[in-house]
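# Reading the structure
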Amino acid sequence: HRSYAANFRVLLDALEIVRSKHPHLNVSITCRCGSFPIDLSGRYPVRVLPFGTEQDVLSDLDDSDVLYLPLPFDREYELFVKYSLSTKMITYLGSGLPIFYHGPTDAAAGELLASHDAAYMSCSLDPERVANDLLQVPDVAGYVASQAAALASDQFLLDHQRDRFIRGLNRQ
């Protein structure tokens, strides 16, 4: 989404910092988004893939170590982030992989993830700070991935969603 462009620029700058400080780390980014709103030439290894099938996404998850979940910091998107949870986040929760959340602290997704320790939280647009946050992920990866799975099974199983929806209809 174009609203994530500032986040992604900061992520790329942060990865350049990580690469300069830790050249032995082999890091790449895979985006399944069709196209990208910013110029990626000469930047950290970024692979931009077309939108894909559920099987394509599952294959991408198998090849991933960390999932990036950005939400825009720009005030223009304040209501968007404050009141919405993306289906991507729910997929991420059930993936078994750690989530690297990069967005405002007061976003609905950020608050939910933080309250359950279900992601590593990076709430800054400062590349140096984001680089330091990225380097902390391996220390907590197993813990946040297990917390994410617990959150997914506690609040986002299809049967639970259906039951909540039906209960809401019955109150009308």
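Structure: see above.
A brief look at the structure comes next.

The rules we used
- Residues numbered from 1 in each chain as written.
- Predicted model: local features only at pLDDT ≥ 70, side-chain atom pairs only at ≥ 80, totals over all residues.
- Heavy atoms only, no water.
- Core = buried A, V, L, I, M, F, W, Y, C linked by side-chain atoms within 4.5 Å.
- Buried < 20%, exposed > 50% of the residue type's maximum accessible area, 1.4 Å probe, protein only.
- Helix = DSSP H or I, 4+ residues; strand = E, 2+ residues; numbered from the N terminus.
- Contact = heavy atoms within 4.5 Å.
- Salt bridge = Lys/Arg side-chain N within 4 Å of Asp/Glu carboxyl O.
- Phe/Tyr/Trp six-rings, centres within 6.5 Å; stacked < 30°, edge-to-face > 60°.

Judged by nonpolar contacts, the single largest core of 22 residues is most densely connected at M89, L93, I99 and L113. Those elements that place two or more of their residues in this core are β3 (67-70), α4 (87-93), β4 (99-102), α5 (108-115) and α6 (127-155). Setting aside anything within four residues of it in sequence, one finds I99 in contact with L67, L69, Y92, L93, L113, A118, A119, Y120 and A148. If you look at the next biggest cluster of nonpolar residues, it comprises 20 residues, including A14, Y68, A131 and V137.

Bringing the environment of I90 into the picture now. Its place among the elements puts I90 in helix α4. Sequence separation between I90 and Q155 is 65 residues; the distance between their C-alpha atoms is 9.6 Å.

Below, the discussion takes up the pattern of salt bridges. Counted by the stated rule, this structure contains four salt bridges. The salt bridge partner of E16 is R19, with a shortest N-O separation of 3.0 Å. On the criterion of helical spacing, the pair formed by E16 and R19 is a turn pair, its members being three residues apart in helix α1 (residues 5-21). Given a relative accessible area of 26%, E16 falls into the partly exposed group. For R19, a relative accessible area of 33% gives the class partly exposed. One salt bridge in this structure joins E128 and K21, with 2.8 Å as the shortest N-O distance. Linking E128 in helix α6 with K21 in helix α1, this pair joins segments that are 107 residues apart in sequence.

In this section: the packing of aromatic side chains. For any pair of aromatic rings, geometry is given as the distance between the ring centres together with the angle between the planes. Enumeration according to the criterion identifies three aromatic pairs in this entry. Both rings, one in F8 and one in Y68, keep their centres 6.5 Å apart while their planes meet at 65°; by these two values the pair is edge-to-face. Of this pair, F8 sits in helix α1 while Y68 is found in strand β3, placing the two residues 60 residues apart along the sequence. Like Y68, F8 is buried.

This is a description of form; function is not addressed.
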